[in-house]
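# A structural walkthrough
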2 protein chains.
Amino acid sequence: MSIAIVGLGPGADDLQAPRAAAALAQATDIVGYTTYVARVPECNGQIRHVTDNREEILRARHALTLASEGRRVAIVSSGDAGVFAMASAVFEAIEHGDPAWRALDIEVIPGISAMFAAAARIGAPLGHDFCAISLSDNLKPWDTVLLRLRAAAEAGFVIALYNPISRARPWQLGAALDVLRTILPPSTDIAMAQAVSCPDERILFATLAEADPTLADMRTLVLIGSAATRRIARPDGGVWLYSPRGSIA
Amino acid sequence: MSIAIVGLGPGADDLQAPRAAAALAQATDIVGYTTYVARVPECNGQIRHVTDNREEILRARHALTLASEGRRVAIVSSGDAGVFAMASAVFEAIEHGDPAWRALDIEVIPGISAMFAAAARIGAPLGHDFCAISLSDNLKPWDTVLLRLRAAAEAGFVIALYNPISRARPWQLGAALDVLRTILPPSTDIAMAQAVSCPDERILFATLAEADPTLADMRTLVLIGSAATRRIARPDGGVWLYSPRGSIA
């Protein structure tokens, strides 16, 4: 009958939109990657369909099939469902799938993405023109990633890196930082924000020169400042990063 | 005593994070642009300080001064406070202001930005690498805007344009589209999303060739697809736009 594509937010309950919580409570079926489905409160009679993280198109087709059968489905992603997450996979499945799927009632419910939750904990690093790049080359050539990193750094964008590293791709964040080092000053500010808004949140600050890519994991969002990004030292030893509204390249 | 820099979300009450609502309810003082302060529910005894939209640094200093005097201040922005909004202005004021401000208790509370709310209404146009550019040249040279537009289009980013037009800058969106037309195919999909999630929401779809910049206003978020962005026709005449997860330049 319907699909709600729901962004669960970065992790903390009070950073999830009420509209998302309502859609989850009304669903007959919850579809998603194990870790994200586990964040949805259990409701009596609701069926939970959990799958491995790599099977996004299969999961999308499964959700569409359930909806065609009259179920009220919520398919969940962490952060915002439209950012390197399930919304794109659902529409890709629709385009190449049963034409009847185009008539389904589909609502995308936005959420607070990891990028903005991380930025908020760090200061205001995304206060000026910025971009988001997924480092995963599961679905695009690594050369495309490098092209975009170079273009973004040369044009003065602040850069948010999603999916910086995984067990199958341990080398990519290091390679990305090496490319950025050929363009940006060694003093460029970087933050690595892990598990933002969760109990095990950890935020590391570094310069581009000294950044250690092995400190990132799959739950880490990496923010690369532009040449205009500033670091403010606090009396307690902490720092804030921010990008002035008037940043130029 | 403290400042909460609060993102109110795009407009609808149920797209505002509960953490934002809690911070607003606990504040002794609400500081912000008139239109945004009007979105905060009135609380007994709470003082509201409203200012014109252009005075961001003055407003930030005012909030910092109030906090120094022991007040519990919430300073509000639409969408996410860290995206072309007040968070950056507050940190800029801190860096150049009273050193004691660096010891203040400052929390940035993220929100759902206009970009993600618009994308959710349109499909999944930001499903792949993307960037956000403010077209305002109040604070940066127009040449910097053009440089970033060209770099983003050439590298295959989907582009979200904030502040596309204003009474003082009626020509900028048209000029930006003209530059993009020299790089992207005429068939590139564009959406203009006005007042997303509000009662007067209006979403227009066009190709780059036919897009009419005069249809945008200050409350419009403009999304420019990449060459990989797809349009799905629906049986009711509607469309979805999405960018496949595997988009290449």
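Description of the structure in this document. Since we're looking at a predicted model, the values are computed, not measured.

Our focus in this paragraph is the nonpolar core. Among the nonpolar cores identified, the biggest contains 58 residues, and Leu149(A), Ile159(A), Leu149(B) and Ile159(B) are the most heavily contacted of them. If sequence neighbours within four positions are ignored, Leu149(B) has contacts with Ile133(B), Leu135(B), Ile159(B), Leu161(B), Ala176(B) and Leu180(B). By size, the runner-up hydrophobic cluster in this structure holds 48 residues, among which are Ala117(A), Ala119(A), Val196(A) and Ala193(B).

Before going further, it helps to spend a moment on the side chain of Thr207(B). Residue and element names in this part refer to chain B. Examined against the element boundaries, threonine 207 turns out to sit in strand E10 (residues 202-207). On the basis of relative accessibility, which here comes to 17%, the residue threonine 207 falls in the buried class. The residues contacting threonine 207, other than those within four sequence positions of it, are Pro186, Ser187, Thr188, Ile190 and Arg231.

The interface of chain A with chain B comprises 72 residues on the first partner and 72 residues on the second. Our count for the contact surface shared by chain A and chain B stands at twelve salt bridges. The partner of Lys140(B) in a salt bridge is Asp129(A), and the shortest N-O contact between them spans 2.5 Å. Taken together, chain A and chain B are joined by 32 residue pairs in polar contact (both at pLDDT 80 or more). Per-element accounting of the side of chain A that touches chain B gives the leading share, seven residues, to helix H4 (residues 86-95) of chain A. When grouped by side-chain class, the residues that make up the side of chain A that touches chain B number 44 nonpolar, 15 polar and 13 charged.

Below, the discussion takes up the pairing of strand E4 (residues 72-77) of chain A. If a strand is regular, its side chains alternate between the two faces of the sheet. All names here are of chain A. Counting buried residues in E4 gives five out of six residues, a clear majority hidden from the surface. Two elements, strand E2 (residues 29-33) and E4, share three bridges in a ladder whose sense is parallel. From the neighbouring strand, aspartate 29 faces E4, where its bridge partner is valine 73.

On the basis of which strands lie adjacent, the open sheet formed by three strands has the order E6-E13-E12 (chain B) and mixed pairing. In the strand order of this sheet, the two ends are held by strand E6 (123-124) and strand E12 (230-233) of chain B, each with one partner. In this structure, E12(B) lies alongside strand E13 (residues 239-242) of chain B, joined through four bridges in antiparallel fashion. For Arg230(B), the partnering residue across the bridge sits in E13(B) and is Tyr242(B). On the sheet, H4(A) packs against E6, E12 and E13 of chain B and is oriented at approximately 125° with respect to E13(B).

A rotation about an axis combined with a shift along that same axis relates the two copies of the chain. Rotating chain A by 180° about the axis while translating it 0.0 Å along that axis superimposes it on chain B, leaving an RMSD of 0.0 Å. Here the copies are linked by what is in effect a two-fold axis. Closest approach to the rotation axis within chain A is made by the C-alpha atom of Cys131(A), at a distance of 1.9 Å. In this assembly, 100% of the residues forming the interface of chain A have copies in chain B that are likewise at the interface, indicating an isologous arrangement.

Residue and element names in this part refer to chain A. The buried fraction of strand E9 (residues 189-194) amounts to six of the six residues, a majority that puts the element mostly inside the structure. Neither face of E9 is left uncovered, since the one carrying Asp189, Ala191 and Ala193 and the one carrying Ile190, Met192 and Gln194 both have all their residues buried. Where E9 lies against strand E10 (residues 202-207), six bridges are found, and the strand directions are antiparallel. By the bridge assignment for E10, alanine 191 is matched with phenylalanine 205. Taken together, the five bridges between E9 and strand E11 (residues 220-224) define a ladder with antiparallel strand orientation. The partner of methionine 192 across the bridge, within E11, is valine 222.

All names here are of chain A. The contact between helix H3 (residues 56-68) and H4 brings their axes to 8 Å, and the two run at 70°. The orientation of H3 relative to H4 falls into the category roughly perpendicular. Viewed along their axes, H3 and H4 form a crossing whose handedness is right-handed. On H4, the residues that touch Glu56, Ile57, Arg59, Ala60, Arg61 and Leu64 of H3 are Met86, Ala89, Val90, Glu92, Ala93 and Ile94. Class assignment of the residues belonging to the contact of H3 with H4 gives a composition of eight nonpolar, no polar and four charged.

So, how was this worked out
Residues numbered from 1 in each chain as written. Chains lettered and ligands numbered in written order. Predicted model: local features only at pLDDT ≥ 70, side-chain atom pairs only at ≥ 80, totals over all residues. Heavy atoms only, no water. Core = buried A, V, L, I, M, F, W, Y, C linked by side-chain atoms within 4.5 Å. Buried < 20%, exposed > 50% of the residue type's maximum accessible area, 1.4 Å probe, protein only. Contact = heavy atoms within 4.5 Å. Helix = DSSP H or I, 4+ residues; strand = E, 2+ residues; numbered from the N terminus. Salt bridge = Lys/Arg side-chain N within 4 Å of Asp/Glu carboxyl O. Polar contact = N/O pair within 3.5 Å; in protein donor to acceptor, adjacent residues only side chain to side chain. Nonpolar A, V, L, I, M, F, W, Y, C, P; charged D, E, K, R; others polar. Pairing = 2+ DSSP bridges. Axes fitted to C-alpha atoms, helices over the stretch in contact; angles between N-to-C directions. Least-squares fit on C-alpha atoms with pLDDT ≥ 70 in both. Parallel < 35°, antiparallel > 145°, perpendicular 65-115°, else oblique. Left-handed = near helix turned anticlockwise from the far one by under 90°.

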